[in-house]
Amino acid sequence: MNPWLLWTALSHTARLSTVLQILLYLPLTLATLSTSAFLLLSLLLSAHSLIHGTLILLWGSSALSVMQVPMHPFLLLVSFNAFAQITHPLLATATKWWAKFLTFSGPSFVALEGLSSLLVAQKVGQVGKALADEAESYQLAILLASAAAYVMAFWWIVVAYPAAATSPLSSTLLGVALTAFLFLTVIGFWLRRTNIVESAMLSLFLAYNVWLCGFDQTSFTDPASSYAPLLSNILPHLQTLVNFITNTLPKPVLVALVYRLAILQLASRILPTIGADAWEADESSDGWDGRPSIFVMVYSHLLLLDPASQVWWRWANIMFTLILWSVELTVSPDEDDVSVKWKVE
């Protein structure tokens, strides 16, 4: 077997193992020990990720991905042992300040997600316009795909409405968001600052956030109730582990985590191309090794939020993105070369 292929498979397996360990260890600590232990593990994982990212930047060897795999179980044991006895005051202070940092980072995460979603929607619209200009055969396909996205988005909103609009305020916010979206779409078409692809992508973004607003306290299972002591028999042991994973990992949090990380990754590749002649992806950059600390912080922040807070942050995200889109549609000057190249006319 080719040694290069073997090493590539090993390094990718190591990265996948790292992701799965973080996905499991953080809610495991939160469910079985305490919030302080969870915060300590989150802090340790973030510090380790920063050190790992620095070494990747300086060294650039793929061996680091394999070498870091044993570190996460070690940090988990450190967190468990630290809170198995009387906690040192320094640890308590560190976890307290880390919790404050994650809490105050919430608006930044929401703003970055909204801005990144708008950038990705505009980029998809730009690519769609370029394809439509190349051949008429693409125009029909783009129109059908955009129509399907509109239908899917509004069907998604209708299905999510009973759970998302449980109060007069949430119903009002949903009505305002839908009205603003339709109004901005018409204004964008009239000013020739947007197209149907960009609008369809933003309709999916709106539907996605409305769907997440439908998760409340009853949508989450109690993590502690799904945990049982490990038994000596291997079959009950595996059944207990599977039960813990399926009932403890919060599904809306995982969906929000995957979306937020994916949209930030895409936006990080789009931003350097604004004003450039072409969208050339940087093939040398690694999508995971350079950003594990962001993964840990975003995941920790989402796990710390109670369901009610997550709902209101979702509404804030919707309103912020629509306001940002309205500013982008009306303020950018037509004679700006960068605007002409980037904006979808």
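Quick notes on the rules
- Residues numbered from 1 in each chain as written.
- Predicted model: local features only at pLDDT ≥ 70, side-chain atom pairs only at ≥ 80, totals over all residues.
- Heavy atoms only, no water.
- Helix = DSSP H or I, 4+ residues; strand = E, 2+ residues; numbered from the N terminus.
- Buried < 20%, exposed > 50% of the residue type's maximum accessible area, 1.4 Å probe, protein only.
- Contact = heavy atoms within 4.5 Å.
- Areas by Shrake-Rupley, 256 points an atom, 1.4 Å probe, with all protein chains shown as cover.
- Core = buried A, V, L, I, M, F, W, Y, C linked by side-chain atoms within 4.5 Å.
- Expected span 1.5 Å × (residues − 1).
- Arc of directions from axis to C-beta.
- Phe/Tyr/Trp six-rings, centres within 6.5 Å; stacked < 30°, edge-to-face > 60°.
- Axes fitted to C-alpha atoms, helices over the stretch in contact; angles between N-to-C directions.
- Parallel < 35°, antiparallel > 145°, perpendicular 65-115°, else oblique.
- Nonpolar A, V, L, I, M, F, W, Y, C, P; charged D, E, K, R; others polar.
- Salt bridge = Lys/Arg side-chain N within 4 Å of Asp/Glu carboxyl O.

(A) Spotlight on the overall build of the protein. When helices and strands are counted, the protein shows 14 helices and 0 strands. Element order for the protein, N to C, with α for helix and β for strand: α-α-α-α-α-α-α-α-α-α-α-α-α-α. Residues counted as buried form 41% of the 345 residues belonging to the protein. A separation threshold of at least 6 residues defines the contact pool for the protein, and within that pool the share at least 24 residues apart is 83%. A total accessible area of about 18300 Å² is found for the protein, and carbon and sulfur atoms account for 72% of it.

(B) Summary view of the nonpolar core. Core analysis: the biggest nonpolar cluster contains 28 residues, and Ile22, Leu26, Leu41, Leu45, Leu257 and Tyr299 have the highest contact counts within it. The set of elements that each furnish at least two residues to this core consists of helix 1 (3-32), helix 2 (35-58), helix 4 (71-82), helix 5 (89-104), helix 9 (196-213), helix 11 (251-270) and helix 12 (292-304). Apart from residues lying up to four places away in sequence, Leu257 is in contact with Leu23, Phe295, Val298, Tyr299 and Leu302. In this structure, Ala153, Ala177, Ala200 and Leu322 belong to the second largest nonpolar core, which totals 25 residues.

(C) Spatial organisation of helix 4. Its 12 residues place the ends of helix 4 16 Å apart at the C-alpha level, agreeing with the 16 Å of an ideal helix rising 1.5 Å per residue. For helix 4, the set of buried residues is His72, Leu75, Leu76, Ser79 and Ala82. Axial view of helix 4: buried residues confined to an arc of 135 degrees, hence all on one face. Turned more than 90 degrees from where helix 4 packs its buried face, Leu77 and Asn81 sit exposed.

(D) Looking closely at the packing of aromatic side chains. Considering all chains together, one arrives at 6 aromatic pairs under this definition. Of the aromatic side chains, those joined through ring pairs into one cluster are Phe205, Tyr208 and Tyr259.

(E) Spotlight on the packing of helix 8 (residues 168-191) against helix 9. Direction vectors running N to C along helix 8 and helix 9 enclose 170 degrees, while the axes themselves pass 11 Å from each other. Put simply, helix 8 runs roughly antiparallel to helix 9. Contacts between helix 8 and helix 9 involve Leu174, Ala177, Leu178, Phe181, Thr185 and Phe189 on the former and, on the latter, Ile196, Ser199, Leu202, Ser203, Leu206 and Val210. Residue composition of the contact of helix 8 with helix 9, grouped by class: 9 nonpolar, 3 polar and no charged.

(F) Expanded view of helix 5. In a regular helix each residue adds 1.5 Å, so 16 residues correspond to 22 Å; helix 5 covers 23 Å between its end C-alpha atoms and thus fits that length. If you check which residues of helix 5 are buried, you get Thr95, Trp98, Ala99 and Leu102. End-on, the buried residues of helix 5 take up no more than an arc of 105 degrees, which puts them together on one face. Along helix 5, the residues that are exposed and aim more than 90 degrees away from the buried face are Pro89, Leu90, Lys96, Trp97 and Phe104. In the core, the buried residues of helix 5 are packed alongside helix 2, helix 6 (106-134) and helix 12.

(G) Layout of the packing of helix 2 against helix 5. Helix 5 packs onto helix 2 with a crossing angle of 75 degrees between their chain directions and a minimal axis gap of 9 Å. Comparing the axis directions of helix 2 and helix 5 gives the class roughly perpendicular. Every residue of helix 5 that contacts helix 2 at Ser36, Leu39, Leu40, Ser42, Leu43 and Ser46 is listed here: Leu91, Ala94, Thr95, Trp98, Ala99 and Leu102. Of the residues that constitute the contact of helix 2 with helix 5, the class distribution is 8 nonpolar, 4 polar and no charged.

(H) View of unusual backbone geometry. With phi around 55 degrees, Arg192 is a residue other than glycine that occupies positive phi space. Along the polypeptide, Arg192 turns up in the loop between helix 8 and helix 9.

(I) Representation of the environment of Phe205 in the model. Looking at the element boundaries, Phe205 is found in helix 9. For Phe205, a relative accessible area of 7% translates into the label buried. In this structure the C-alpha to C-alpha distance between Phe205 and Ile318, which are 113 residues apart in sequence, comes to 8.4 Å. Non-local contacts of Phe205, meaning those with residues more than four positions away in its chain, are made with Ser117, Tyr259, Asn317 and Thr321.

(J) Summary view of the pattern of salt bridges. On inspection of all chains with the given rule, the structure shows 3 salt bridges. Close ionic contact of Glu113 with Arg260 constitutes a salt bridge, the shortest N to O distance being 2.5 Å. Here Glu113, found in helix 6, pairs with Arg260, found in helix 11; they are 147 residues apart in sequence, far enough to count as distant. Given a relative accessible area of 0%, Glu113 falls into the buried group. When the shortest N-O distance is used, the salt bridge between Lys129 and Asp133 registers 3.3 Å. Taken together, the positions of Lys129 and Asp133, both in helix 6 and 4 residues apart, correspond to about one turn of that helix. Residue classification places Lys129 among the partly exposed positions, given a relative accessible area of 31%.

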